[in-house]
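# Commentary on secondary and tertiary structure
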Number of protein chains: 2
Amino acid sequence: MTEGWSKKIYVELLPPTEDDNRSDSERILDGLKEREDLKDERIRFSPSVLRRFYQVCEKAQWNITITLGFDGTGWEILDVEAGDTKEEHYGLCTDLGSTTIVMELVDMNRSEAVARETIFNPQTAFGEDILTRIFYTKDNEENREELRRATVSGFCELMEKLEKKTGINVKKCAAMVVAGNTAMIHFLFGMDAFCVFHTPYAVHTLKPDVCHAREIDIPMEGFLYCCPGKANYLGGDIISGIIAEDITEREEISVFLDIGTNGELVIGNRNFLIAGAGAAGPALEGGVVKTGMRAEKGAVDRLIIENGEIKIHTIGEERAEGICGSGIVDLLAQLFLNGWMDLRGELQENRSDRIRRQGQEMAVEYAEGLYFYQSDIEEFLKTKAAAATMVEYMMQTMGMTMDEIDRFYVCGAFGTHISKEAGVTIGLYPDIDREKIISPGNTSLAGARKILLHREKKEKAEEILENMEYIQFGSVEDFLHLMTAAMAVPHTDYQRYPSVMKELKKRERPHL
Amino acid sequence: MTEGWSKKIYVELLPPTEDDNRSDSERILDGLKEREDLKDERIRFSPSVLRRFYQVCEKAQWNITITLGFDGTGWEILDVEAGDTKEEHYGLCTDLGSTTIVMELVDMNRSEAVARETIFNPQTAFGEDILTRIFYTKDNEENREELRRATVSGFCELMEKLEKKTGINVKKCAAMVVAGNTAMIHFLFGMDAFCVFHTPYAVHTLKPDVCHAREIDIPMEGFLYCCPGKANYLGGDIISGIIAEDITEREEISVFLDIGTNGELVIGNRNFLIAGAGAAGPALEGGVVKTGMRAEKGAVDRLIIENGEIKIHTIGEERAEGICGSGIVDLLAQLFLNGWMDLRGELQENRSDRIRRQGQEMAVEYAEGLYFYQSDIEEFLKTKAAAATMVEYMMQTMGMTMDEIDRFYVCGAFGTHISKEAGVTIGLYPDIDREKIISPGNTSLAGARKILLHREKKEKAEEILENMEYIQFGSVEDFLHLMTAAMAVPHTDYQRYPSVMKELKKRERPHL
């Protein structure tokens, strides 16, 4: 029996007679109230169901299936169908990312996704990065509405794709759970998101209430719940991820690092939870790299230097057009391990003819005609330093060492694709057991699915917000100082990276 | 402090700072939760308010007025306005009658109506009487929708009239309470009402849940609550009336008789409540009388026979065009007291030249060229007998006598206009102290207003339904037998009407 945001219940009721002429709505409510799971619950008929349910009851001789949607505190009857249709019971969960939106159709009976679709967020028409979108909509109601409609159109498109793929009428879903960062949720509801990036960082809302999907123009009969956020930079997508990975359920301590447009970090277990966020994103995804690109066809995603030669792999095994995040991490790790780049990130011209001056600066030709520049390296190392320093700073704050970490989650597409080994080599990840480094994929979506299937996770989310301590790294004084030390490869304090040192030694490049 | 279905609350909140950067929605909720009356309440932001409230807060430097609407169990924030606008706090209550719809705009601060408007129910375009409308919509979704739209258009028209009259934006009302009979509520929600008049009289619903007015296309921001009904013939209009008159609050016993399209009767006090309904309406309102008409200009509404002459009064003092309910009761009482009609209701040709054969039957010319026929008298007496018998039967069932009655309410327009004395004379009312006979007017509307101003009356209504015993007169065997006895004027058992006997004696018409 699912404990999700919706229920489908088959009942065989006795038709009205002169001796029992309760009203039809009462008959159904009485029938539902006989159930253990509903006897103390508030149940409401929506006017649109009221208008037609009795016809179904009559035709089906009162053998009917009732769909109930959870409104956050009680239930609403969203549909009455003839016969037993319990088998067809679906819900939706959505990861509303700034780059992509991912939606899953979930079989509520089997507690599993039956289909998943991904599209680029239509908001990108108004700006590749969030800041552009924010300035587009700031103090401009019309543009804000335009962006809102674009967001909604994305949901509609995904629903249509899912419907087409499965043949299931997704409009009849009684519930959708959405996880997204704070700016995305602002856009979804049509709010100005300037507050997200502007002091004093008091956003308009972190917890939109459960609403009818149609209240925000999403063509679905049921309710929509957004996983709540903690702060401007720590949104519902992260809370959702924490729920996905059960971080607050275990005694063991987890580090949860999500690198996307921003870097978000959570450390904790069942007893404590500390979180922070910082600007640590775009560079890692190739955003500020000159030949950087998304992980699409033609992107270099794997790279190794063997016998003085750079060997690449591209997505789709097509001609290289640029390099994506995982390729960059491989590249830097390989440059470093082969001595083509020193610990400060400087390219060593004498080490290979692939390294040469290109225009104003040094660069490495990682594929034919494609260069990775000295300035790209610096940008990238700055970002990896920011990410690593967030972890370091927070560990220090807690008086903890890396030994105490049982799981080091690297979420998102970035974490999924980069090689753990290369991540450790460049000092993006700490030098811990590789098994402890986990790439759980899209935890935002996984959390949304989990919440959809277990509505008590709504309380869990609120509890997480309640217990979580939030650090604004921007306001931490010695953060920059720590970050400078972390800009070296793997780190100024190389003792922290024994496995990297061992590898260098093996390669007879003691590097000290 | 009103305890109504809406609240307007003025708060002066501190704007966000770096030290206190709670989200805007949280800031408002925290502000509200500080209040004694809201601290344990569920409060929700509607998405439409979420989209814009923060702009108001900013502009008004957080000196804002929040409008809360009650959804039946919790509150929804329906509006956020700049400054203190508590003074403008209004709600709506509606009596949805089958002939007329009456709506009042209520000042929630002063607990009083500021304006009232009445229109003919636009449903009449689809049938003067309810049955015609029911057959028009039966098994025909399109016609049902047409009737629903007509009903809604009536609400809209009334709202516009109220707005025009008062200059108050009624669309901003946070609550509307509607009282109507079961068929009317079915039509309002777009349901087939055939069930109301058809065995086994299991209607589709007696208790529509509180809904957003817009869910049924009424252009108002807040919630709509319909006073619940007890049975097919005993609707929310009667429950509303019981609440209006506090019948269940007193030790004294009341008889509550509502004569409209149907006759509905309730007898009770704080300890018991018994109710029933029967076909007792149209004839009394002049419906089946050949020259009968509504209480409009030109209708004979008062009549007396003096010195062998009929003297009439018409509404608007215009030329007589027909006769309305109160005129009929006066006419019959006067015919009887003057011996122009005997106790069986037969016109006495020899008593006046106003009484003569007209076509197939005897008739009295009550105004120039206007006749009241023998068959009209019979129809009317049948109906008055039905009404009187309902009371008699119910009193017998309870083992009570008329002496025990403290208040005999005759509700509705009919009760308001007919003369008590004439009502007793023809045996429509029992022969009790005239002071005990009360014409409270539109109790359906008064009850709706009371519920609007005191939301705990919602529970009171449910309690009334719970405790009320309902009798279907149609299924009572000796009802017809009792009714036959009650068809005499004032009654076959004339001992029950001592005051009428006394009057006859005074007129030297002992009539026995």
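Data block above holds the structure.
Residues numbered from 1 in each chain as written. Chains lettered and ligands numbered in written order. Predicted model: local features only at pLDDT ≥ 70, side-chain atom pairs only at ≥ 80, totals over all residues. Heavy atoms only, no water.

Quick look at the interface of chain A and chain B now. It is common to give the size of an interface as the accessible area that goes away when the parts come together. Taken together, the contact pairs 43 residues of chain A with 43 residues of chain B. Surface buried jointly by chain A and chain B totals about 3,500 Å² across both partners, of which 48% is contributed by carbon and sulfur atoms. Summed over the shared surface of chain A and chain B, the number is four salt bridges. Of the charged contacts, one joins R44 of chain B and E215 of chain A as a salt bridge, the two residues approaching to 2.9 Å between their closest N and O atoms. Across the chain A-chain B interface, the total number found is 26 residue pairs in polar contact (both at pLDDT 80 or more). When contributions to the side of chain A that touches chain B are tallied by element, the ones reaching two or more residues are α1 (24-33), β2 (43-45), α2 (47-50), α3 (53-59), α5 (141-166) and β9 (211-212) of chain A. When residues in the side of chain A that touches chain B are grouped by element, the largest group, four residues, is from α5 of chain A. Of the residues assigned to the side of chain A that touches chain B, the class counts are 18 nonpolar, eleven polar and 14 charged. (Contact = heavy atoms within 4.5 Å. Buried area = accessible area lost by both parts, 1.4 Å probe. Salt bridge = Lys/Arg side-chain N within 4 Å of Asp/Glu carboxyl O. Polar contact = N/O pair within 3.5 Å; in protein donor to acceptor, adjacent residues only side chain to side chain. Helix = DSSP H or I, 4+ residues; strand = E, 2+ residues; numbered from the N terminus. Nonpolar A, V, L, I, M, F, W, Y, C, P; charged D, E, K, R; others polar.)

On to the pattern of salt bridges. All names here are of chain B. Under the counting rule described, the total for this entry stands at 93 salt bridges over all chains. The residue R27 makes a salt bridge to D20 at a minimum N-O spacing of 3.0 Å. The class of R27 is buried, set by a relative accessible area of 2%. The residue E306 makes a salt bridge to K311 at a minimum N-O spacing of 2.9 Å. Classification of E306 as partly exposed rests on a relative accessible area of 36%. (Buried < 20%, exposed > 50% of the residue type's maximum accessible area, 1.4 Å probe, protein only.)

Residues and elements named next belong to chain A. Considering all chains together, one arrives at 24 aromatic pairs over all chains under this definition. On the numbers, 6.1 Å between centres and 45° between planes, the contact of Y201 with Y233 is tilted. Taken as a pair, Y201 in the loop between α7 (194-197) and β9 and Y233 in the loop between β10 (223-226) and α8 (236-244) lie far apart in primary sequence, 32 residues in all. Y233 sits in the buried class, given a relative accessible area of 19%. The structure contains a cluster of three or more aromatic residues connected by ring pairs, namely W5, F70, W75 and Y225. (Phe/Tyr/Trp six-rings, centres within 6.5 Å; stacked < 30°, edge-to-face > 60°.)

The next thing to look at is the relation of the copies chain A and chain B. Superposing chain A onto chain B requires a rotation of 180° together with a translation of 0.0 Å along the rotation axis, leaving an RMSD of 0.1 Å. Here the transformation between the copies is reduced to the relation of a two-fold axis. Every residue of chain A has its C-alpha some distance from the rotation axis, and the shortest such distance is that of T73 of chain A, at 4.9 Å. A share of 100% of interface residues in chain A that are also interface residues in chain B marks the association as one of identical surfaces. (Least-squares fit on C-alpha atoms with pLDDT ≥ 70 in both.)

Moving on, we come to the nonpolar core. M176, F189, I218 and L224 of chain A together with I28, I64 and I77 of chain B are the most contacted members of the largest nonpolar core, which totals 103 residues. With seven residues, the single largest contributor to this core is α5 of chain A. Core analysis: the next-biggest nonpolar cluster, separate from the first, contains 102 residues, F223, I238 and I243 of chain A together with L147 of chain B among them. (Core = buried A, V, L, I, M, F, W, Y, C linked by side-chain atoms within 4.5 Å.)

The subject of this paragraph is the sheet that holds strand β15 (residues 309-314) of chain B. Residues and elements named next belong to chain B. Taking strand neighbours across the sheet as the criterion, the three strands line up as β15-β14-β16 in an open arrangement whose pairing is mixed. Of all strands in the sheet, those with a lone pairing partner are β15 and β16 (322-323), marking the two edges. Relative to β15, strand β14 (residues 299-306) runs antiparallel, the two sharing six bridges. Pairing of V300 across the sheet is with T314, part of β15. Where helix α9 (residues 325-337) meets the sheet, it contacts β14 and β16, and its direction lies at approximately 15° from that of β14. (Pairing = 2+ DSSP bridges. Axes fitted to C-alpha atoms, helices over the stretch in contact; angles between N-to-C directions.)

Interpretation note: all reported values are geometric properties and have no functional meaning in isolation.
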